[in-house]
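Here's the letter readout for the chains.
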Amino acid sequence: MRILYLFFVLFCSCDSYLDAKSDLTLSTLDSKEAAEALLDGIDRMNKGSVVLQNASDEYYIRDEVYNAISNPFNLESYIWFEGTQTDEDWNSLYRAIYTANLVIDNLERAGLKEGESDFLKYRANASFYRAHAYSHLLQIYTDVYDDHNAANMSGIVIREDSDFSKKSFVSSLKDSYVYVIDDLQSNQKYLDQIAALKTRPSIQSSLALLARIYLYKGDYQKAYDLTTELVSGDGSELLDYNELDTLENIPFEIFNREVIFYSSTVVANNVYQSTASVSRQFYESYDDRDLRKTLYFQMLPNGEIGFKGSYNGSLSNLFNGIAWDEVYLIRAESAARTGNEHEALDILNLLKKRRWKNECYEPYEIANIDDVLDAVLNERKLQLFFRGNRFSDVKRYNKEGRGIVLRRVVNGQEIILEPNDPGYIWSIPKRVKDLAGL
Amino acid sequence: MKVITVSILCILHLVGYAQQRKFTVIEDGSRIPLAGVVAKGERGEILAVSGRDGELSFPKSLKNNTLQFSLIGYVTRNVDLDELNVGDTVALYRDVQALEEVVVINTGYQELSKERATGSFEFIDNELFNRRTGTDVLSRLENTVPGMLFDRRGQSADQLSVSENNIIVRGVGTLSDDIKSPLIVLDNFPYGGNIEDINPNDIESVTVLRDAAAASIWGARAGNGVIVLTSKKGRKARPMRVDVNSNLRLNGKPDLFEYERMNVKEYIDMERELFENGFYNNTLSNRTRFPAVTPVIELLDLNKRDLLSQEDLEEKLSSFATNDFRKDYERYFYRTAKNYQNHVSLRGGNDKHQYLFSAGADNNESVLVGNNTDRYSIRTNNNYQLLPSLKMELMSVYTQTKTTSNSPGDYTVLNYDVGKQMYPYAVLHNDDETMASLVKTYRSSYIDTVGSGQLLDWTYNPLRELNSADNINEGNAININVGINYTLNRDLQFDLRYQYENIRNTASNIRSEDMFYTRDLINQFSFLNDGIVGYNLPIGSIIDKSNIHTKSHALRLQANYNKIFAHGGELHLLAGNEIRDAQSNGNVFRYMGVDKNTLGYSSVDNLTMFTKWDRLGRGRIPTFGSLTGTTDRFVSFYGNGSYTFKSKYTISGSTRNDASNLFGASANNKWKPLWSLGGKWNLAAESFMGFSWLNDLSLRITHGVSGNTNNTISAVPILSIQNASSSIINRPQAVIQTPGNEHLSWESVYMTNIGIDYRLFNNRFSGTIEGYSKISKNLITGMEVDPTTGMVAILANSGEMRGMGLDLSFTGRISQRIVSWESTFLLSYNDFKISHLNYDFSNTRGLNTALGNGSRITLNNNQNNPYGIYSFDWRGLDKEGNPVGLSEGMETTDYRSIINNTMIGDLAYHGSALPRYFGAWRNTIGWKNLAISFSISFKMGYYFKKAGLSYTSLYQNGIGSPDYGRRWQKEGDETHTDIPAAVYPADSRRDQFFLASPANVLRADNIRFDDITLNYTLDKSALKNLPFENIKIFAHLNRLGVLWKATSRDLDPDFNVGNAFYPPTRQITIGVNLNL
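Residues numbered from 1 in each chain as written. Chains lettered and ligands numbered in written order. Predicted model: local features only at pLDDT ≥ 70, side-chain atom pairs only at ≥ 80, totals over all residues.

Caption draft 1: Spatial organisation of the overall build of chain A. Helix and strand counts for chain A come out as 18 helices and 13 strands. The C-alpha atoms of chain A give 24 Å as radius of gyration, which agrees with the globular expectation for 438 residues (22 Å, within 12%). Referenced to the eigenvectors of the C-alpha coordinate spread, the extents of chain A come out at roughly 90 × 50 × 50 Å. By the burial criterion, 48% of the 438 residues in chain A qualify as buried. (Helix = DSSP H or I, 4+ residues; strand = E, 2+ residues; numbered from the N terminus. Rg over C-alpha atoms; globule rule 2.2 N^0.38 Å. Buried ≥ 20, exposed ≤ 12 C-beta atoms within 10 Å, placed from the backbone.)

See the structure below:
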């Protein structure tokens, strides 16, 4: 019967004949489902910085492995090479931002009416991914926030919509933070309280991300207040490491109870178990009674220490999303920094109870602790191992004069990153600058 | 004049006969009766003219001793009347010199005599088409059409058939690799199926449309030329004729030893050195995957751990060094392939009805054991004169194909782990003739101990794979073509044509537990429960099934107006519209745990993250499946006209408008109509050119525009929706496949063509000279954009290309009754370059461009060919054997700085990777019933890259190079070698710099002895008791070898991008043609 239809078209030429979709597996952004599928693209949307992990002093690469690395990104980020032209993080994070913007710009085409609850929810979801990507960009490409000077410091490029004919420009650090924080706050209430999938945003993840941003911004009171809204206070959100099998090759499951928002590194060639050896100094800083020593690490046959404790359920890419342990540690740190040392210590004990072997657990006593803040920061280092936080933490600790020096030894040559070295701030790749005219 | 003569003769014939002595005049060979043959007496008086049945009658009283029989297109023959008995036949030989006169070109929309054609058409008649043998249609056109380049660089050296993707007509007119093929038209409609489904025995002739005037009638898809295939039809007024064609082709077994390789001893020595340097420490200590290492490394490890004595080690290693996997591989995996081709056709007809029926069977083996292709086709063609004014054509083709792909593949494809080429000392059999275990994926020491006998055998042997593979692809295609032609009056006709295609392909890949893939997967997902093995993936075969079903309809309505005016003008007009609709649906599905006997299968949990067997990590059981659906729709309007005055002056023009659902409405609006204009002047017909030696001289000029259809572009962002099963959250994922760009418009190809046709000295010399220029505008390319936008590149109309060329053909003929000689020389020159890009990226790092081998388009701002070969500046080797390059003007071995500081604009351009001059010289010599024809072809003015030695890929992937033996080894070597010294650890930048250096660039120019065909024809007129009308026995020897090449290296630049593992295989075909 198609032939009759063809005759009809041949003689009448109707336009709708040419409106047929040419490939059913392709789609334009014209439905809620398409918007959702874009945001569910976890390989693009749930990705965080890899350069921050590559640059961390938590691991080192043996010379033979280092010499076999061919990707300049992996080499240069490892040795904090100033002139690095690598743009992997830039590209992938801005791609997530573009995708989120595309969804926001096309909500009406997708059949949603402005102001309706679905419209607001999809917009809020997309905004969260966008803010999450910006929060990583802020850690990579900007200096530690300085209240007095932020308006004159350079921040990041803010792309407000998906129109790629608009020119990019770098906003001030202050404006960048204001944009990201506003974006998160204004959309927060439209998110689900708890997400159906840990890859999707929720009010919880939005508050947690905001708390993380305030912590890095140095606004400890705000960070503390946000965690008040979040945590139960009794540590029930945390995993009890006593229930896990230390002999497992991969002890932690993906999307385990502690995970609030799932995100992982884009590529992690440097930090695969076979490549990255954990610094012995780090390893030794875990007490033998601490379960993390056996859940996070394993001895490799070549005598090196390998990391196995990622919340990613695999040894390939590393988890760098937001989990309850981090939220508790943000709370502990901001409590300690705002003069609430008792509470800070209580939180450490909540954590310790679930991290140390049950039979060996004894709470920290304030009387035995020289400096509660030091203890909190140490705990942060131990717990959030290989989560992509360490490099940024060192950067901000050094601003307050902690004088942490990062060292690499490559083929017998020592490479040092002095405190407050400009090398802590990755420069915008030249190629991006050229193309964007920055 | 001709018409008048014939009419007078007819009248004479009608009035002047008295039925006394009768003869029949037939065509020699085919035995077709010839009408219109004039018989003259000794004084030149016309005595009789043959009728439709070929019969001639003479009065009994005729006293002439010698009669002269003549017919245009045939050699005039004198016959002694006394030698003829009543009822005898007189055979006339076809006169090859006069063939041009009957050439009718088929453009797919009209049939047009070459005399009126202004455009560049190249016609390949049946005889030339059948000069070569083979299963496919297109390879028969190789070296027959000037300007048509066969680019086989993507093919392996044993491959014979070609697809449209291997053909470039007059250079490339787009910057998108995927749309550079010419359009294939079969029987008036674009061919939507697989080109290899067409049986060449069903093809009558081929017309290649090379310029805009010829091709623009095909509009938006004609920018790269059009190849029009016309299939055989029934014939009027002929008795039924049966043609049988049967042949056997042998395709030689590849010779893996012909080309130099890195030898086995070198490979083992290299492994030892790497081992001592600790290269394998990581792999050997990997306890999460237990990755495979070669047997040599396993032995060295045992030795290191004091589990193997030094003597045993040395003994085993030296015995390994005597192995050569090529021997086993050549013996068990390659063969001399036998291809059988059988075809029979019946055709005939009368005034009311002409018919053709044909059936063909092709059974082809590949040189790879286990790979076969079979094709069966049945075809019918019927033409009916229903009413004096109404004709109908019915055509149908049914094709069935079956492709078996059981071979693990070419020698170089085999690996022992992902990206690690099989070690060269592998053996397939142990000393006791049992199957050997080759290393695969896991360490053999791991496989030997794991599971302690509870798991399925985890060993690998490619021979076992070959024997148990069952991978079949079956296809069937139906093509029905109906045409109705109505003549309204003398001038006006209407054509209605409809074509239906139905193509179905089913693939089935059954991997039983004998296959490593299946055993490995089952083992990985096995677990131990109270000492008993459990299976998350049940034991059984894994079967992948896939289906693709395409249905297409095309309908065309066309009006033809032909008028001959009294003043000597001739007007031909046609106009029509056409609509096409092709829908394709496909699915892929996997069954697991299949019991092959009962076909029962198991359901499998694809969602749970299982802990794999024995510390092998966690994972899901891989799923495999997809659903696809596409709809392609086109609507086109077209028109074409020509006016010829007094057979001297012709002007022509055409226009076409296309719209499609591929691009969205806004894009259709931007579609400019495609058009062409042309003129022709037949100089030989002018009175001032009345030279007796000048048979024909005409001048043609055309100009026009056609288009390229790029369906990857879109005005709005296009998302590709990926299966939920590919996501860890089991939800569909969308990927932005194309960021929309609403400023896009379509690619257009402007072409100007000037041609001269000539025939001289009683048609003894003839030929064509054509020159053309081709400008392609609005070419769509990827354009880098600010990555901050979220896009690294977008597609935009940003390029322009300019090309020009010359196509020459020359034929000389000497023909006598016994001996004939025909020599044809074809020469093409074609040069094209990117003349403009909207953006400048000469400041982008040049490494990737310099690493390219010219097989894909490389953009540049330097007016170079897009298939260019580039290299870094380099200064040879230094005293340590390191390649020296330049960075910021200084000689250096700082490869990072060389690579970072060498931009595209700094690279040296060697030239095109496509030949700029090519052609062929073909000679056919006939002696009595024997004909021999040979062809020599050449390609000139291009470059290729040898696969250079990279220590990184040698160490990591085991990819050896014959250059290894020529490497720098001691001081002083740098004066006579340009192969860098081996270094440990490998420096990937040093390797990349060397690979991108001119040391690997070679000239590709070559001259080949293409083929020889020999045939011997016998017919009834010569041998009375022959049981059939005629028989032709032939032999065809193909790819006889390279006569000359510019490079001294053992490489063939035209296969596998110049790096084939073995030289092109030779073929010999022997066959017979019978006419009953």
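Caption draft 2: The arrangement of the UniProt feature "domain: RagB/SusD" (unreviewed entry) in chain A in detail. UniProt marks residues 326-399 of chain A with the feature "domain: RagB/SusD" (unreviewed entry), using the numbering shown here. Helix and strand shares over residues 326-399 of chain A are 66% and 0% respectively, and the end C-alpha atoms of the span are 21 Å apart. (UniProt positions renumbered as here; feature names shortened; annotations may be inferred.)

Caption draft 3: Seen up close, the interface of chain B and chain A. At the interface, 59 residues of chain B touch 60 residues of chain A. Among the secondary structure elements, those contributing two or more residues to the side of chain B that touches chain A are helix 5 (281-284), strand 28 (541-564), strand 29 (569-594), strand 32 (625-645), strand 33 (649-660), strand 36 (718-722) and strand 37 (733-738) of chain B. With seven residues, the single largest contributor to the side of chain B that touches chain A is strand 32 of chain B. Split by residue class, the side of chain B that touches chain A holds 25 nonpolar, 25 polar and nine charged. Two elements, strand 1 (residues 26-27) of chain A and strand 36 of chain B, share two bridges in a ladder whose sense is antiparallel. Pairing of A:Leu26 across the sheet is with B:Ser720, part of strand 36 of chain B. (Contact = placed C-beta atoms within 7 Å. Nonpolar A, V, L, I, M, F, W, Y, C, P; charged D, E, K, R; others polar. Pairing = 2+ DSSP bridges.)

Caption draft 4: Structural detail: the nonpolar core. Of all hydrophobic cores here, the largest spans 124 residues; its most connected members are A:Ala35, A:Val103, A:Leu210, A:Ala211, A:Tyr328, A:Ala332 and A:Ala344. With twelve residues, the single largest contributor to this core is helix 8 (residues 117-141) of chain A. Apart from residues lying up to four places away in sequence, A:Ala211 is in contact with A:Ala223, A:Leu226, A:Thr227, A:Val327 and A:Ile330. Residues B:Leu138, B:Ala554, B:Tyr772 and B:Ile857 belong to the second largest nonpolar core, which totals 91 residues. (Core = buried A, V, L, I, M, F, W, Y, C linked by C-beta atoms within 7 Å.)

Caption draft 5: Structural view of the domain arrangement of chain B. Domain annotation for chain B reports domain 1 (2-94), domain 2 (99-240) and domain 3 (264-333 + 408-468). Computed from C-alpha coordinates alone, the two centres of domain 2 of chain B and domain 3 of chain B are separated by 50 Å. (Domains from an automatic or database assignment.)

Caption draft 6: Structural detail: the pairing of strand 18 (residues 337-349) of chain B. Residues and elements named next belong to chain B. The pairing of strand 18 with strand 19 (residues 353-365) spans eleven bridges and is antiparallel. Following the sheet pairing, Asn339 is matched in strand 19 by Asn364. Following strand 18, the chain reverses through three residues before pairing antiparallel with strand 19.

Caption draft 7: Representation of the packing of helix 15 (residues 341-355) of chain A against helix 16 (residues 372-383) of chain A within the structure. All names here are of chain A. Two numbers describe how helix 15 lies on helix 16: the axes approach to 10 Å, and their chain directions differ by 30 degrees. Viewed along their axes, helix 15 and helix 16 adopt a mutual orientation that is roughly parallel. Helix 15 and helix 16 meet at a crossing whose hand is left-handed. Across the interface between the two elements, Glu341, Ala344, Leu345, Leu348 and Leu351 of helix 15 pack against Val372, Ala375, Val376, Glu379 and Gln383 of helix 16. Tallied by class, residues from the contact of helix 15 with helix 16 come to seven nonpolar, one polar and two charged. (Axes fitted to C-alpha atoms, helices over the stretch in contact; angles between N-to-C directions. Parallel < 35°, antiparallel > 145°, perpendicular 65-115°, else oblique. Left-handed = near helix turned anticlockwise from the far one by under 90°.)

Caption draft 8: Examining the sheet that holds strand 1 of chain A more closely. What the three strands build is an open sheet, ordered 1(A)-36(B)-37(B); its pairing is antiparallel. Bordering the open sheet on either side are strand 1 of chain A together with strand 37 of chain B, each of which pairs with just one other strand. One ladder, built from five bridges, connects strand 36 of chain B with strand 37 of chain B; its direction is antiparallel. The partner of B:Leu719 across the bridge, within strand 37 of chain B, is B:Ile736. The strands touched by helix 2 (residues 32-39) of chain A are strand 1 of chain A together with strand 36 and strand 37 of chain B; relative to strand 37 of chain B, the strand with the most contacts, the crossing angle is about 95 degrees.

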